[in-house]
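Report on the structure
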Amino acid sequence: MEPDKARRQLVDYLLSGGYILSRRVQEAFESVPREKFVPEEYENKSYNDIPLPIGEGQTISAPSMIAIMLEVSDLVPGLRVLEIGTGSGYNACLIANIVGDGFVTSIERIESLFLRTRQIIENCGQKVITILGDGTLGWEKGAPYDRIIITAAAPNFPQPLIQQLACGGKIIAPVGARSGLQMLTVGTKLKDGSLSTNVYCACAFVPLLGTHGF
Ligand code: SAM
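Attention in this report is confined to the structure presented alongside it. (Residues numbered from 1 in each chain as written. Predicted model: local features only at pLDDT ≥ 70, side-chain atom pairs only at ≥ 80, totals over all residues. Heavy atoms only, no water.)

**Regarding the pairing of strand S7 (residues 165–176)**
Note: strand S6 (residues 145–150) against S7, four bridges, orientation parallel. Among the inter-strand pairings, isoleucine 148 is bridged to a residue of S7, identified as isoleucine 171. As judged from the seven bridges shared by S7 and strand S8 (residues 182–189), these two strands associate in the antiparallel manner. Bridged to alanine 173 within S8 is threonine 185. (Pairing = 2+ DSSP bridges. Helix = DSSP H or I, 4+ residues; strand = E, 2+ residues; numbered from the N terminus.)

**Observations regarding unusual backbone geometry**
Along the chain, alanine 143 connects to proline 144 via a cis peptide bond; the corresponding omega equals 0°. In this fold, proline 144 is placed in the loop between strand S5 (129–132) and S6. In this model, aspartate 74 sits at a positive phi of 55°, which is unusual for a non-glycine residue. Tracing the backbone through its elements, the reader meets aspartate 74 in the loop between helix H3 (63–73) and strand S3 (80–84).

**Re the nonpolar core**
One finds Phe29, Leu70, Leu75, Tyr90, Leu94 and Ile95 to be the most contacted residues of the largest nonpolar core, which totals 45 residues. Elements that contribute at least two residues to this core include exactly helix H1 (3–16), helix H2 (23–31), strand S1 (52–55), H3, helix H4 (90–99), helix H5 (111–124) and S8. In terms of residue count, the dominant contributor to this core is H4 (eight residues). Beyond its immediate sequence surroundings of up to four residues, phenylalanine 29 is in contact with Arg7, Val11, Leu14, Ile20, Pro63, Ile66, Ala67, Leu70, Tyr90 and Leu94. Residues Leu82, Tyr145, Phe157 and Ile162 belong to the second largest nonpolar core, which totals 16 residues. (Core = buried A, V, L, I, M, F, W, Y, C linked by side-chain atoms within 4.5 Å. Buried < 20%, exposed > 50% of the residue type's maximum accessible area, 1.4 Å probe, protein only. Contact = heavy atoms within 4.5 Å.)

**Let's talk about the environment of valine 72**
Position of valine 72 among the secondary structure elements: in helix H3. Since its relative accessible area comes to 13%, valine 72 is described here as buried. Beyond its immediate stretch of four places on either side in the chain, valine 72 contacts Lys170, Ile172, Leu184, Val186 and Tyr200.

Shown next, in the form of structure tokens:
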């Protein structure tokens, strides 16, 4: 099937399943060509609602999971967003599409993924700053962030990331076990620097490794 038609069908499925709730997230899914971010051998599965291998034992998450995370992240144009775990670069480009004139920085710890993805993001013309490093330490230079989105399973919200979050900002992560299930959790930073948390649904992500990860 032609990618454009498959993308349309995926969006219809995500809408009817209640995964996409907002116009902004819908438009991002309609605009960003997922087939460009998956390895060539999986291109024909780009629009199936499944996670796919991207090399180095890592995955691009299933579209429904990505949609849920984007919706709970409550993104609007103009926000400064830090993503931890660039992976394929697909989610970073969806975020960039939504925040428009805002800023998106994404950190990846595996060099081969970082190099491959940087090129893909550039080819797609999305405004994303990509960084190679340990995302659990954040990226102080770009702080404070309105949103910090961790796309790997975290034991808890890393302290440096909480520090780099703006007051009223939100940090989003699958929080829980290294393998098996985690709970998608959103923390909102209060005036006193503490977090008020909301727990959404169960999910299964590859682990967040690093100084403040597993
Ligand atoms: N957002 C990605 C996408 O759109 O394809 C999917 C991310 S994949 C589920 C998780 C990624 O987090 C992997 O690429 C992994 O290497 C990365 N990761 C794990 N620990 C990290 C860390 N401390 N800093 C940066 N990236 C990390």
